[in-house]
Amino acid sequence: MGSLAGQFVLPPNNGHKIWEDPSFIKWRKRDAHVPMHCHESVEGSLRYWYERNKVTLLVSREAVWDDDAVAKALDCAAYWVKDLPFVKSLSGNWKFFLASSPSDAPSEFYDSSFQDSSWNTIPVPSNWQMHGFDRPIYTNVVYPFPLNPPKVPEDNPTGCYRTYFSLPKEWEGRRIFLHFEAVDSAFFTWVNGHPTGYSQDSRLPAEFEITDFCHPCGSDQRNCLAVQVMRWSDGSYLEDQDHWWLSGIHRDVHLLAKPKVFIADYFFKSNLAEDFSSADIQVEVKVDRSAINSESSIEAGSWFKVSEDKFISNFTIEAEIFDTGTSNGHANLLSMSAARLQLTNSVDYYLGFIGYQLKGKLQMPKLWTAEQPNLYTLVVTLKDASGHIVDCESCQVGIRQISKAPKQLLVNGQPVMIRGVNRHEHHPRLGKTNLESCMVQDLVLMKQNNINAVRNSHYPQHQRWYELCDLFGMYMIDEANIETHGFHLWSNVKHPTNEPIWASAMLDRVIGMVDRDKNHACIISWSLGNESSYGPNHAALAGWVRGKDSTRVIHYEGGGAKTASTDIVCPMYMRVWDMVKIAQDPAELRPLILCEYSHSMGNSTGNILEYWEAIDSTFGLQGGFIWDWVDQALLKKGTDGIKHWAYGGDFGDTPNDLNFCLNGLVWPDRSPHPALHEVKFVYQPIKISLKDGIVKITNTHFFSTTQDLAFHWSVHGDGLELGSGVLSLQTISPQKTHDIKWDAGPWYDPWCTSDVTEIFLTISVKFLSSTRWAESGHIVSSAQVLLPVKQDIAPHIIDGAHAALSTEVLDSSIEVKNSNLWEIKFNKQTGAIESWKVDRVPIMSKGIQPCFWRAPTDNDRGGEAESYLSKWKAAKLNNLTFISESCTVLDTSDNLVKIAIIYLGIPNDADKNLPQSETRLFKVNLVYSIYGSGDVILECHVEPNSDLPPLPRVGVEFHLDKSMDEIQWYGRGPFECYPDRKAAAHVGMYVQDVGSMHVPYIVPYECSGRADVRWVTFRDKNGYGMYASTYGGAPPMQMNASYYGSAELERATRHEELVKGEDIEVHLDHKHMGVGGDDSWSPCVHGKYLVPPVHYSFSIRLSPLTATTSAQFIYRSQLKKK
């Protein structure tokens, strides 16, 4: 019958394209179930998990992100089935042919006798676009084909795969199942020419029984497996996620050998006592006995009275919980039993479920949380009447309880804070194929940066990911593979959520997710999908999930994030003030957890501190998930023969959404963006503050004390360390605070004995010992507070009386110098410094001019006509020339000269017939006071037109000789930081070279800034250079120095296109606009980080440097105690 039915289903017989029929989503596909391991013994299952759990930080260091990953993927496939005698991996190099459409697939290529010697080979698992076939396509919303559901294009690339396998003699008498972990997007499969199945849903397993189609176990005859994969199917309409469209067999393929009667599925549940002293355990077991004739009989005349279950008289089902988490590997694992479960009579004739329940109690359970991810091993066995094991399955389970309270989501009775991130499956070389070491590296980085929750955006992910999240401790939202975002663009097309014909496909995806993943402790919430509007089909999905699994909550953002189908108010990109308003609404009893926020596109993630100040202080706000974890760029060889990061359009893919796939906290190779430091800071579990003379140290953990942590303190005055030590504290319980009077701490003595200007106290919290994801000494939390000022500081007037200078005013220049110690040459026409030399060494080559422009970031561009960039361009801020209205020597003496320059900022296309006073956008007065000592005080007075939009920056720009490449500064650092993303950057003294200051965002723009800089030096290798600092009460500066000028950063569209300049462009900004990050498609820099067009006055001190000059001495010399 299978072959006969296949003639009506499989191509190309009757012209009906079942891949365009949303009511036909599978054929011969087995029901979804938990992952199967087919153990042969209880001890074997325990040993299997003991070995699988040997995952530490060291594994993450094996992660590969280049071409070596191709071979590693096959190694992983073999590793994942190691020590499973009845599981065989079919992953490897398969024969492959890419047809232009299903109808163009080679005739009867699935036949065993078909000659495939001329075909290419391709590794399985993989996406075929990552191996030179077809092309990747990146879109965010729009479908990459015409929206005409359920039709897909005739041009439908179709992958034809062939491979061979043999069955071991030891498998004789067992049932054989062919298991695909995931195939994109729809596929048919044949074994030895027999059609064996069809499936859709590119992110969940498809399993088919092939027992009757295989050659005998131990036979010399090889079995031929053929697979036909269509790139597009009606299922593609449900898979419009914001990521790359990639195709093929992208997860592993296995053979499973099961006995005639076997454990087909099982569901673990636990219910904790009110005081958490015990847990009631329940395991529902489903047995497949379709291959034997064993029926339960029901007493005649009654539908409801069970007379006898003959199956149970011949077989025994057992379940046992083992605590192997503390085993050292040498102990008898079987001795680790924690609870034996007893079978209850639970065959459900009402619902037709032939399943069995086992129940038991676990005393004093070790609870699972993300903080303390304690796991047990559940082993389920099926034995025959003689007591021999027929089948054995196992998994890791955690004892924990998810519940709801008014405005709270509770884990084990506590309203845990969700410090989360969204994560796509993404590998820059492999696409959607996974490596163990790479998944581990993701988790290690997340844990090290205080991320405790992940949303699987926007589909179920590789099954090993869940095991690792159980193991490392990560709260998870598991999301169904449903997104129909592109329908939003077409009001005349019926939406799937309202159409009954799509209901079964949507429900199948949710059922498949829940039934595969239901035993994972890490999952605290199911999600019905993403950006798929809301309708009756979603209500049906929510109803099914609630009926199936009452132990978790449901999340769904569609329809306004507050429908009846979600237990969490879960908006995306909601503004802080709107979140607080919902949390304070007494009628809304659900917690608010942002499913997406802080859109981290390039130089972004600003304002996140404001989000967390609100979250930490507002009842009803419980965290959120940053968008997103990784820049989704792919490796592509450039014209230079080198592989670079590629984004939408780089593969000739149309339509595309360009670089909108680059929203990560890490680069594709998992190198951290600077913004990750800010995330770690706002997510840190130990909070430190100084208020009203009290240093408060708060343990915001819900389950962990501070007994495994060490508290280190240090105090720095004007950048120099004054003292440090280990803080002796009593253990702080969860959710408790320890107070220290600031003048009673060990830092008080260094404070008393110092005469510095400002003193910062830094407290860093470190691990005392290594964990699975971090070494001892790892910094969990770190915060810096400014201690009280000892005495007022006033600006000191520079004394240049003891150093003479000479001034020469020529026709085209003004030259000021002190013998051969230093010389400065101004261009009278432009007002700019043409050269600045120290001891004849060239320091400055061009400058100093006002600057109000920056290379626009992605966030600057977002918002179309309302974007900052659009308004800047409309105001012509991008097209300014600064014309010197006057350049005048005000007064001179033997040791001081003052030069005043008035600049007018005029658009290049201004009407030349109008007076410059009418066309100018800025008037800037610069006054240089040049002392015989070589010190220069630059006073800046800026008058912008009042009708200008918020300004990118207000500051000065100059160019240094490229030999001045060693930078030392006293300010925030050491990493890139901006006014709205600087909380993690401590004030200190740092040294870097110009090259390493640069941040290589995949798309170039404004970058590499350092905030709150008091002073900075630029030196060559011999110590010659320049010092710059704020002066005269001016606040600290935003500083930037780069080989890539703003114009070059704006010109290039990819980092590899950047061309280094002949000098170093330096910006010293009195004001710099924040980078924003609430989203990237609207102007969303918070008001306090905008730079309004108002009058600004500030002063900068510039001084020449030699090898013997101390920057700290210069800085302190300009400050005088009152």
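**Some points on the packing of aromatic side chains**
Any two aromatic rings considered together are summarised by their centre-to-centre distance and by the angle between their planes.
Okay, so step 1: All chains considered together, the criterion is met by 52 aromatic pairs.
Okay, so step 2: A centroid spacing of 6.2 Å and a plane angle of 80° characterise the contact between W19 and F188, whose relative ring orientation is edge-to-face. Separated by 169 residues along the polypeptide, W19 in the loop between α1 (2–9) and β1 (26–27) and F188 in strand β8 (residues 186–191) bring together distant segments of the chain. Summarising the burial analysis for this pair, W19 and F188 share the class buried.
Okay, so step 3: Look at Y970 and Y1115: their rings are 6.0 Å apart centre to centre, the planes differ by 70°, and that puts the pair in the edge-to-face class. Taken as a pair, Y970 in strand β52 (residues 966–973) and Y1115 in helix α19 (residues 1111–1117) lie far apart in primary sequence, 145 residues in all. For the pair shown, Y970 and Y1115 are each scored as buried.
Okay, so step 4: For the cation-ring pair, R174 lies above F86, with the distance from its terminal atom to the ring centre recorded as 3.7 Å.
Okay, so step 5: In this arrangement the basic side chain of K518 is found over the ring face of F267, its NZ or CZ atom lying 6.0 Å from the centre.

**Describing helix α2 (residues 42–52)**
Okay, so step 1: Taken residue by residue, α2 has V42, S45, L46, Y48, W49, Y50 and R52 as its buried positions.
Okay, so step 2: The inward-facing, buried residues of α2 abut α4 (68–79), β18 (315–322), β21 (376–384), β22 (389–397) and α7 (463–472).
Okay, so step 3: In this structure S41 caps α2, since a side-chain oxygen of it lies 2.8 Å from the backbone nitrogen of G44.

**Here we look at the side chain of H538**
Okay, so step 1: Assignment of secondary structure puts H538 in helix α9 (residues 536–548).
Okay, so step 2: A relative accessible area of 0% places H538 in the buried class.
Okay, so step 3: Ignoring anything within four residues of it in the chain, the contact list for H538 reads T497, M506, L528, S532, S533, Y556 and S565.

**Re the sheet that holds strand β35 (residues 694–699)**
Sheets are built from strands that pair by backbone hydrogen bonding, the pairs being arranged parallel or antiparallel.
Okay, so step 1: The 3 strands lie next to each other as β34-β35-β38, forming an open sheet whose pairing is antiparallel. Pairing within the sheet leaves two strands with one partner each, and these edge strands are β34 (686–691) and β38 (736–741). For this sheet, the mean angle separating the axes of adjacent strands, direction not counted, is 20°.
Okay, so step 2: Two elements, β34 and β35, share 6 bridges in a ladder whose sense is antiparallel. Looking across to β35, one finds that L690 is bridged to V695.

**As for the sheet that holds β52**
Okay, so step 1: Pairing is antiparallel in the open sheet, where 9 strands are placed in the order β47-β48-β49-β50-β59-β56-β55-β52-β53. Of all strands in the sheet, those with a lone pairing partner are β47 (880–892) and β53 (986–993), marking the two edges. For this sheet, the mean inter-axis angle between neighbouring strands, taken without regard to orientation, is 20°.
Okay, so step 2: Looking at chain direction, strand β49 (residues 922–931) and strand β50 (residues 936–944) are connected through 9 bridges and run antiparallel.

**Some thoughts on α9**
Okay, so step 1: An ideal rise of 1.5 Å per residue puts 18 Å on 13 residues; α9 measures up with 18 Å between its terminal C-alpha atoms.
Okay, so step 2: Its buried side turned inward, α9 meets α8 (500–517), β28 (523–527) and β29 (553–555).

**A look at the nonpolar core**
Okay, so step 1: Counting residues in each nonpolar core, the largest one holds 160 residues, and the members touching the most others are Y475, W629, I697 and W747.
Okay, so step 2: Looking at which element gives the most residues to this core, the answer is helix α6 (residues 436–448), with 7 residues.
Okay, so step 3: Those residues in contact with W629 that lie beyond four places of it in its chain are V421, N422, R423, D442, L445, M446, I451, G664, L665, V666, R670 and L676.
Okay, so step 4: Counting residues in hydrophobic clusters, the runner-up holds 72 residues, among them I843, V897, Y1043 and V1091.

**Here's the deal with unusual backbone geometry**
Excluding glycine, most residues fall at negative phi; most peptide bonds, likewise, are trans.
Okay, so step 1: In this chain, V124 is followed by P125 through a cis amide linkage whose omega measures 10°.
Okay, so step 2: At C38, a position not held by glycine, the phi torsion is positive, near 55°.
Okay, so step 3: Phi is positive for D692, which is not a glycine, with a value near 55°.
Okay, so step 4: On the secondary structure map, D692 appears in the loop between β34 and β35.
Okay, so step 5: You can call D692 exposed: its relative accessible area is 72%.

**Brief notes about the side chain of D116**
Okay, so step 1: Examined against the element boundaries, D116 turns out to sit in the loop between β3 (92–99) and β4 (120–124).
Okay, so step 2: Taking the relative accessible area as the measure of exposure, D116 reaches 11% and is therefore buried.
Okay, so step 3: Among the polar contacts made by the side chain of D116, one reaches the side chain of R162 at a distance of 2.8 Å.
Okay, so step 4: When residues no more than four places from it in sequence are discounted, the contact partners of D116 are K95, R162 and Y164.

**A short note on the pairing of strand β11 (residues 223–230)**
Okay, so step 1: Among the 8 residues that make up β11, 8 are buried, leaving the element largely enclosed by the rest of the structure.
Okay, so step 2: The two faces of β11 match: N223, L225, V227 and V229 on one face and C224, A226, Q228 and M230 on the other face are all buried.
Okay, so step 3: Here 6 bridges tie β8 to β11, and the two strands are oriented antiparallel to one another. In the strand pairing of β11, W190 is matched with A226.

**Re the packing of α6 against α7**
Okay, so step 1: Two numbers describe how α6 lies on α7: the axes approach to 10 Å, and their chain directions differ by 35°. Here the hand of the crossing between α6 and α7 comes out right-handed. Mapping the contact onto sequence places E436, M439, V440, D442, L443, V444, M446 and K447 in α6 and R464, W465, L468, C469 and F472 in α7.
Okay, so step 2: In terms of residue class, the contact of α6 with α7 is built from 9 nonpolar, no polar and 4 charged.

About the cut-offs
- Residues numbered from 1 in each chain as written.
- Predicted model: local features only at pLDDT ≥ 70, side-chain atom pairs only at ≥ 80, totals over all residues.
- Heavy atoms only, no water.
- Phe/Tyr/Trp six-rings, centres within 6.5 Å; stacked < 30°, edge-to-face > 60°.
- Helix = DSSP H or I, 4+ residues; strand = E, 2+ residues; numbered from the N terminus.
- Buried < 20%, exposed > 50% of the residue type's maximum accessible area, 1.4 Å probe, protein only.
- Lys NZ or Arg CZ within 6 Å of the ring centre and 35° of its normal.
- Contact = heavy atoms within 4.5 Å.
- Polar contact = N/O pair within 3.5 Å; in protein donor to acceptor, adjacent residues only side chain to side chain.
- Pairing = 2+ DSSP bridges.
- Axes fitted to C-alpha atoms, helices over the stretch in contact; angles between N-to-C directions.
- Expected span 1.5 Å × (residues − 1).
- Core = buried A, V, L, I, M, F, W, Y, C linked by side-chain atoms within 4.5 Å.
- Left-handed = near helix turned anticlockwise from the far one by under 90°.
- Nonpolar A, V, L, I, M, F, W, Y, C, P; charged D, E, K, R; others polar.

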